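# Report on the structure
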Amino acid sequence: MSESRATGLAAVVDAFGGRRRATGIAGAAIGLVAAGAAATVAIERMTVGRDVRRKARLVLDAAAPFGTLRGTPGLAVADDGTELYYEVDEADGAEETEEPEEAEEPEDPSPGAGPGDLIPRPRSCASAGSPAGPARRTGSAAVTVVFSHGYCLNQDSWHYQRAALRGVVRTVHWDQRSHGRSGRGVAQLQGAEPLSIDQLGRDLKAVIDAAAPEGPLVLVGHSMGGMTVMALAAQYPELIRERVVATAFVGTSPGRLGEVNFGLPVAGVDAVRRVLPGVLKALGRRAELVEKGRRATADLFAGIVKRYSFAGRDIDPAVARFAERMIESTPIDVVAEFYPAFTDHDKTEALARFRGLPVLVLAGTDDLITPSSHSEAIARLLPEAELVLVPDAGHLVMLEHPEAVTGRLAGLLTRAGALPAGTTVGGYGRTSSIAQPG
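Residues numbered from 1 in each chain as written. Predicted model: local features only at pLDDT ≥ 70, side-chain atom pairs only at ≥ 80, totals over all residues. Heavy atoms only, no water.

## A short note on the packing of aromatic side chains
All told, the structure shown has six aromatic pairs when counted by the stated rule. The interplanar angle of 85° and the centroid separation of 5.7 Å between the aromatic rings of F66 and Y160 together place this pair among those described as edge-to-face. With F66 in the loop between helix 3 (50–63) and strand 1 (72–77) and Y160 in helix 4 (residues 159–165), this residue pair connects regions lying 94 residues apart in the sequence. Per residue, the accessibility class of F66 equals that of Y160, and both read buried. Centroid distance F249 to F354: 5.4 Å. Interplanar angle 85°. Geometry classified as edge-to-face. (Phe/Tyr/Trp six-rings, centres within 6.5 Å; stacked < 30°, edge-to-face > 60°. Helix = DSSP H or I, 4+ residues; strand = E, 2+ residues; numbered from the N terminus. Buried < 20%, exposed > 50% of the residue type's maximum accessible area, 1.4 Å probe, protein only.)

## Comments concerning helix 14 (residues 372–381)
Looking only at helix 14, the buried set comprises S372, H374, S375, A377, I378 and A379. On its buried face, helix 14 sits against helix 7 (224–235), strand 7 (244–250), strand 8 (359–364) and strand 9 (386–390). (Contact = heavy atoms within 4.5 Å.)

## Examining the side chain of K347
Along the polypeptide, K347 turns up in the loop between helix 13 (332–344) and strand 8. Filtering out sequence-adjacent residues up to four positions away, K347 remains in contact with D198, M230, A231, A234 and P254.

## Points about the pattern of salt bridges
The final tally for this structure, using the stated rule, is 19 salt bridges. Between D79 and R202 there is a salt bridge, with its nearest N and O atoms 2.7 Å apart. Residue D79 is located in the loop between strand 1 and strand 2 (83–89), and its partner R202 is located in helix 6 (residues 197–211); the two are separated by 123 residues in the primary sequence. Here D79 falls in the exposed class, since its relative accessible area comes to 52%. Two residues, R184 and D333, come together in a salt bridge whose shortest N-O distance is 3.2 Å. (Salt bridge = Lys/Arg side-chain N within 4 Å of Asp/Glu carboxyl O.)

## Topic: the pairing of strand 5 (residues 170–174)
Extensive coverage of strand 5 is indicated by the burial of five of its five residues. Neither face of strand 5 is exposed, since R170, V172 and W174 on one face and T171 and H173 on the opposite face are all buried. Two elements, strand 2 and strand 5, share four bridges in a ladder whose sense is antiparallel. Its bridge partner lying in strand 5, D89 is registered against T171. (Pairing = 2+ DSSP bridges.)

## Things to note about the confidence of the model for the protein
Looking at the protein as a whole, its pLDDT mean stands at 77, while 63% of the residues score no less than 70. Between residues 1–48, whose pLDDT stays under 50, and residues either more than four places distant or in other chains, the model counts 60 contacts. Predicted confidence for residues 429–438 stays below pLDDT 50, and this span has 16 contacts to residues more than four positions away or in other chains. (pLDDT = per-residue confidence, 0-100.)

## A closer look at the pairing of strand 4 (residues 144–148)
Most of strand 4 sits inside the fold, with five of its five residues counted as buried. Bridge count for strand 4 against strand 5 is five bridges, and the pairing is parallel. The residue of strand 5 that forms the bridge with F147 is H173. Handedness of the crossover joining strand 4 and strand 5 through helix 4 is recorded here as right-handed. Sheet topology places strand 4 next to strand 6 (residues 217–222); five bridges connect them, and they run parallel. Residue pairing for strand 6: V146 is matched across the bridge by L219. (Right-handed = clockwise from strand over helix to strand, strands pointing away.)

## Looking at the environment of R177
Looking at where R177 falls in the secondary structure, it is placed in the loop between strand 5 and helix 5 (186–189). Each C-alpha atom, one on R177 and one on V334, is 9.6 Å from the other, the two residues being 157 residues apart in sequence. Polar side-chain contacts of R177 include one of 2.8 Å to the side chain of D80. (Polar contact = N/O pair within 3.5 Å; in protein donor to acceptor, adjacent residues only side chain to side chain.)

Here is the structure:
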């Protein structure tokens with residue numbers, strides 16, 4: 001083991017409060033989570049040197065198109081003063097009050113992952129024509145699609161969907177508090193209150209008030225972002241009733257996340273549940289040391305990210321590296337700050353707010369973070385929703401199988417009246433023309 005790697009591991013161990021304690025309780029739990037990833041890394045080391053892997057990461061960082069799609073920036077202010085960063089992509093022909101930044105168009109960012117063979121679940125759509133009804137149309141304002149990202153990610157996690165929809169429909173992408181370009185949560189920094197999913201729902205309301213104060217809305221949320229949408233509905237039912245015309249829940253859960261086993265044996269799950277909150281809290285107090293440790297153990301970290309983000313073995317290295325970069329950019333104290341909120345999350349009653357609307361519920365069949373059974377639970381509560389389970393897909397299904405997610409999302413937008421019938425999207429940066437009726 002190299003000196004830098006040993007130093008990094010020592011920093012992580014020290015953050016647990018002592019080498020003996022780390023290798024005893026916390027080490028056992030975290031070791032179980034990392035075991036599969038460590039085995040993968042060990043195999044890779046037999047054929048690829050460390051320097052080669054490091055250079056490959058640098059090349060992917062420089063050449064991959066992820067993070068190049070930018071829109072008109074804005075700031076919303078949450079109820080506790082936290083600044084929330086968002087960007088708006090206007091539809092072609094829409095009047096703009098500001099000139100958007102020039103976005104670099106990727107030549108071909110698609111990782112080559114097609115839609116795959118979807119597992120259909122026969123469910124009727126809310127309506128085939130004008131699902132929301134005229135009462136939901138506020139004046140002549142265009143429909144705005146608001147994308148909310150997941151835990152330890154940022155707005156760029158929707159890269160492929162954003163690229164495909166650019167110019168076709170007005171979209172808003174925002175960074176959750178303490179993620180991406182948004183500010184650290186003021187209430188959390190001041191120790192005034194712990195982070196809650198309800199707070200994230202209020203944050204989303206602040207973003208909507210700033211970026212889309214009028215007109216119909218389509219709400220799209222992945223993982224924690226889907227929970228954020230549910231929290232919005234729980235606290236602002238009138239907003240859902242008066243303005244929301246469709247919703248998409250991607251790889252998310254209505255609750256009972258404390259029962260997720262993360263693909264571990266029973267003994268491993270029990271150990272993780274028992275010690276992980278305390279371990280993360282301890283790590284958060286020694287953030288600087290832990291970040292050094294994360295950098296020194298980059299190969300193992302990358303293996304863990306790949307295992308829990310994707311299911312397919314042939315995932316594009318650029319996509320895997322992109323996910324790794326997003327997750328590693330989330331400070332460990334933020335990871336620790338958010339984690340307890342998930343065990344308290346329960347928004348099953350709030351889902352009733354979406355009855356009668358076009359709803360898409362989509363998940364990967366091999367998601368280890370929010371298993372597809374949680375999406376099936378949402379669909380049972382919303383029997384008119386379209387349920388789509390994507391085979392050979394993990395938690396970051398929108399990156400692993402972008403065409404499947406984008407295609408189903410386009411169908412939802414069409415049912416909601418946000419896209420004219422016959423509109424096709426694709427090209428991941430170039431929009432196709434409206435198909436003519438046959």
